[in-house]
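# Chains, contacts and geometry: an overview
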Amino acid sequence: MSSYIARKGPAVFSNLGRWAYNLSGFNQYGLHRDDCLYENEDVKEAVRRLPRKLYDERNYRIMRALHLSMTKTILPKEQWTKYEEDVKYLEPYLNEVVKEREEREDWEKIH
């Protein structure tokens, strides 16, 4: 029986996910996965609801990544965001926003 990692699923998917994560390149700028989401209305609202500390940390990572990109450099390897340390900090807020939007749309259909 294959090993199972609770947060990421079967070990094979975890290894594949780690490979794809490192290949994506955003971790070389110190960004998290949630920093790179396309900012539609749901994401914008979820970002607005972030606690101040998370909001400031997100802005710092994005500003640092923009600076690194403009100077055509990357962070030293020990400062890259690691796959195991990348927390989906925006996901609970985004799930809440999407659920509220879907409820509002359902309510507007009925009324």
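Owing to the predicted nature of the structure, the values given are computational and were not obtained by experimental measurement. (Residues numbered from 1 in each chain as written. Predicted model: local features only at pLDDT ≥ 70, side-chain atom pairs only at ≥ 80, totals over all residues. Heavy atoms only, no water.)

Helix and strand counts for the protein come out as 4 helices and 2 strands. Listed N to C, the secondary structure of the protein is β-β-α-α-α-α in terms of helices and strands. With 111 residues in all, the protein has 27% of them scored as buried. Summing over all exposed atoms, the protein offers an accessible surface of approximately 8,200 Å²; the carbon and sulfur share of this is 58%. (Helix = DSSP H or I, 4+ residues; strand = E, 2+ residues; numbered from the N terminus. Buried < 20%, exposed > 50% of the residue type's maximum accessible area, 1.4 Å probe, protein only. Areas by Shrake-Rupley, 256 points an atom, 1.4 Å probe, with all protein chains shown as cover.)

On to the packing of helix α2 (residues 41-48) against helix α4 (residues 91-110), then. Contact geometry of α2 with α4 gives a least axis separation of 8 Å together with a crossing angle of 125°. As far as their axial angle goes, α4 and α2 are oblique. Handedness of the α2/α4 crossing: right-handed. Contacts between α2 and α4 involve D42, V43, E45 and A46 on the former and, on the latter, Y93, L94, V97, V98 and R101. (Axes fitted to C-alpha atoms, helices over the stretch in contact; angles between N-to-C directions. Parallel < 35°, antiparallel > 145°, perpendicular 65-115°, else oblique. Left-handed = near helix turned anticlockwise from the far one by under 90°. Contact = heavy atoms within 4.5 Å.)

Here T81 lies in the loop between α3 (52-70) and α4. Polar side-chain contacts of T81 include one of 3.1 Å to the backbone oxygen of L31. (Polar contact = N/O pair within 3.5 Å; in protein donor to acceptor, adjacent residues only side chain to side chain.)

Counted under the stated rule, the structure contains 14 salt bridges. Here R58 and E39 are joined by a salt bridge, their closest N and O atoms 3.2 Å apart. Note that R58 is positioned in helix α3 and E39 in the loop between α1 (11-24) and α2, a separation of 19 residues in sequence. Residue E39 is classed as partly exposed on the basis of its relative accessible area, which comes to 37%. Residue R49 is joined to E45 by a salt bridge in which the shortest nitrogen-to-oxygen separation is 2.8 Å. (Salt bridge = Lys/Arg side-chain N within 4 Å of Asp/Glu carboxyl O.)

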